[in-house]
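# Chain and residue survey
The primary structure of each chain is shown beneath.
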Amino acid sequence: MTSEGRVWKFGDDVNTDMIIPGRYLDRYDPKHLASHAMEGADKDFASKVRPDDIVIAGKNFGCGSSREQAVVALKESGVSAVIAKSFARIFYRNAINLGLLVIASDSAAEVFKDGDMVAVDLGGSAVRSKDGTKMAPLHKPPERAMAILRAGGLIPYIKSSLGREVG
Amino acid sequence: MSGRTVAEKILARASGLDSVRAGEVVEASPDLVLSHENTFLVDRSFSEFGLSRPWDPDRVVVVLDHRTPANTAETARVHAKIRETVKRMGIGKFFDVGQGICHQLLVEQKLVRPGGLVVGADSHTSTAGAVGAFGTGLGATEVAGVWATGRTWLKVPETMRINMVGHLNRAVFPKDIALHLASKLGPSGADYKCIEFGGMFLFDISISGRMVLCNMAVEMGAKTAIVPADATFAAWSPECKEPPGDACRSDPDARFESTTDLEMERITPLVSGPHRIEAVRSVEEFGDVRIDQAFIGTCTNGRLEDLIAASWVLKGNRIAPGVRLIVSPASRTVLADALDMGVIQTIVNAGGTILPPGCGPCLGAHEGVLGPGEVCISSGNRNFRGRMGSDEAEIYLASPATVAASAIEGKVADPRRWLTVDL
Ligand code: SF4
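Quick caveat: nothing in here was measured; it's all calculated off a predicted structure.

Take the nonpolar core next. If you look at the biggest cluster of nonpolar residues, it comprises 82 residues, and the most contacted ones within it are A:F45, A:F61, A:L74 and A:F91. Among all residues touching A:F91, those that are not within four sequence positions of it are A:T16, A:I19, A:F61, A:G62, A:A70, A:V71, A:L74 and A:V102.

Next up on the list: the domain arrangement of chain B. All names here are of chain B. When cut into domains, chain B gives domain 1 (6-264) and domain 2 (271-417). Relative placement of domain 1 and domain 2: their C-alpha centres are 24 Å apart. Facing the 37 residues of domain 1 at the interface are 38 residues of domain 2. Across the interface of domain 1 and domain 2, roughly 3000 Å² is buried in total on both sides, 58% from carbon and sulfur atoms.

What follows concerns the pairing of strand β17 (residues 375-378) of chain B. Residues and elements named next belong to chain B. The alternating pattern of β17 places V375 and I377 on one face and C376 and S378 on the opposite face, and all of these are buried. Here β17 runs beside strand β18 (residues 394-397); their pairing, made up of four bridges, is parallel. By the bridge assignment for β18, I377 is matched with Y396.

Counted by the stated rule, this structure contains 40 salt bridges over all chains. The residue A:R27 makes a salt bridge to A:D29 at a minimum N-O spacing of 3.8 Å. Classification of A:R27 as partly exposed rests on a relative accessible area of 38%. A salt bridge links B:K110 to B:E239; the nearest nitrogen and oxygen atoms lie 3.1 Å apart. Separated by 129 residues along the polypeptide, B:K110 in the loop between α4 (102-108) and β5 (117-120) and B:E239 in the loop between α8 (231-236) and β11 (258-263) bring together distant segments of the chain. The structure contains a network of salt bridges with shared partners spanning A:R23, A:E39, A:K43 and B:D391.

A full pass over the atoms with the stated rule returns two cavities of 30 Å³ or more. Looking at the largest cavity, its volume works out to about 220 Å³. If you trace the largest cavity, you find 22 residues lining it, with A:C63, A:G64, A:A88, B:V218 and B:G221 closest to the centre. Elements that contribute at least two residues to the lining of the largest cavity include exactly α5 (89-97) of chain A together with β6 (134-137) of chain B. Top contributing element to the lining of the largest cavity by residue count: α5(A), with three residues. Taken together, the residues of the lining of the largest cavity break down into nine nonpolar, nine polar and four charged.

Next up on the list: the environment of A:H32. Residue and element names in this part refer to chain A. Inspection of the secondary structure assignment puts H32 in helix α2 (residues 30-34). For H32, a relative accessible area of 15% gives the class buried. Taking the C-alpha atoms as reference points, H32 and A70, 38 residues apart in sequence, are found 12 Å from one another. Those residues in contact with H32 that lie beyond four places of it in its chain are Y24 and R27.

Attention shifts here to the side chain of A:N15. Mapped onto the elements, A:N15 comes out in the loop between β1 (2-9) and α1 (16-19). A polar atom in the side chain of A:N15 sits 2.8 Å from the backbone nitrogen of A:M18.

Here is what the cut-offs are and how they apply
- For every chain, the first residue of the written sequence is number 1, and numbering continues from 1 onward in sequence order.
- Ligands are numbered from 1 and chains lettered from A, in the order in which they are written.
- Since the coordinates come from a predicted model, pLDDT governs what is reported: local features require at least 70, and pairs of side-chain atoms require 80 or more to be given and counted, while whole-chain, interface and lining totals use all residues.
- Computation of side-chain values: all heavy atoms of the structure, hydrogens and water removed.
- Among the buried residues, those of types Ala, Val, Leu, Ile, Met, Phe, Trp, Tyr and Cys that are joined through side-chain atoms within 4.5 Å form a nonpolar core.
- Buried, partly exposed and exposed residues are distinguished by accessible area as a fraction of the type maximum, computed with a 1.4 Å probe on protein chains only: under 20%, between the cut-offs, and over 50%, respectively.
- For this analysis, residues touch if any pair of their heavy atoms sits within 4.5 Å.
- These domain boundaries are the output of an automatic or database domain assignment.
- For any pair of parts, buried area is found by adding up, for both, the accessible area (1.4 Å probe) each one loses once the two are put together.
- We count a stretch as a helix when DSSP gives it H or I for four or more residues in a row; a strand needs E for two or more, and each element gets its number in order from the N terminus.
- Here, strands pair whenever DSSP counts at least two bridges between them.
- A side-chain nitrogen of Lys or Arg and a carboxyl oxygen of Asp or Glu constitute a salt bridge if their distance falls within 4 Å.
- Cavity: a set of points on a 1 Å grid over the protein atoms alone where a 1.4 Å probe fits but cannot get out. Pocket: an open set with protein on both sides within 12 Å along at least five of seven lines, its lining residues, like those of a cavity, having an atom within 4 Å of a point.
- Grid points are joined across faces, edges and corners, and a volume is the space filled by probe spheres set on the points.
- Under the scheme applied, nonpolar residues are Ala, Val, Leu, Ile, Met, Phe, Trp, Tyr, Cys and Pro; charged residues are Asp, Glu, Lys and Arg; polar residues are all the others, including Gly.
- Under the rule applied, a polar contact is a pair of N or O atoms within 3.5 Å (in protein, one hydrogen donor and one hydrogen acceptor; residues adjacent in sequence only if both atoms are side-chain atoms).

This is the structure in structure tokens:
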């Protein structure tokens, strides 16, 4: 599993009200959610984000409300991975369950800046700048999370296990 | 061999294991699984499994509370869809519009018991810890997974034990204890952990107060928070014939990650400033902050004892001109009791507006949304930027007594000026 894209940097404690404010939750439409992604942290994000872009943030990313729409908004807007110093647990689980790559890194937030082009190399447990000048080690997601990610999210993961039980 | 924490015991039982330790990953079968308006999302994901019903419809709880009564035609459509779903699936524990906030109902309606495991598609599911249960939040898709399989994986958390010693001062409430903890721990200081409350002072804290502590633990990153069921619980729940035993409390030699004593006497009325939960200072330090709105309600502080505290402050007073005081009882039972006691009359006479039981303006969807530049003091649990409406609004958090005092003065106010007797 690899991903390559442009970096969007954010600070510590980015909460889910910043990722998708509660006032937009009465419509589930993923495109509608994506059009307000990160509105509480950066008003330009939704209009400027490009497919495969990568969010790099400080600690406690995704704290607050358990709203899964936060992951949907990021995913639908094209974000291919979120790398943070640490994640709030419900956001982390939601991301894995919906098939959005989330990876902890102690130093990525210090090493990279907005606009850097980077590539995530899960096998090598590192994120590197495309020009080869910068690198930050990654903590690989736990095996259980990787298995769910590889299946494409929790629904396909459970479906295949239900299938096994039936069959 | 050292003993077990209550969190370890509950997760061992729920996983069918003799014993587990912090750090282990278990496959647990929850006693209850909760969702609210997001049942719509749960159902969407669940429908992909091709199953007609949840594994055990009796363990499923569905509450409409976040946007009630419906704020838009779209919400009304979602509500109707959920009503149809619960009927079709035979989900009996369904609470329709106006019955109250999900976390309140789980405890108040005695759906959750000591030693139980509750998972919910809402971050504040930890509130169930007030009756000695392990409650934790999941996302909607994961709840759909529980509907399908009856199981979910959980890492057994380390426990931070907090012993409360001494007595609270006048006009200081469990909310102030929670804000004090938030100031010490910050928004991730209890990440992934269980906060277990203990100590002699615990006997003085009602189930309602325990709900405040367990609810707010999430704001410090906790996975769950538990107040082991004790004599206070037994008195609150006399129909519970078997008093909760060792299965519902930590062993004396259990391994805690940390143990901290918290001296109640040192806690004063506190306020958390805008945008960050840990921006907590003593109420006197906010003296010049004028307010536009004062809100009493939410799963944190919308219960009878909260409304009573507010009414004691408000009795015989009027709220300041230009200020809105909005009160949303946490449940219909709370509303009915508050009506019986004359508490609602007092609030209305003081100039307050009563909303139907539910989440009210807590999540910025309706019923008191803040405009640009407006300032609200709330008895809720989150003061994130934009949480209650405009990104340019400010939210302060405090106890219901402090919120009521602020409504009278039109600025963040010290409840000790208005609450001159011990409650
Ligand atoms: S009252 Fe607020 S915090 Fe509590 S469940 Fe409702 S929206 Fe969430």
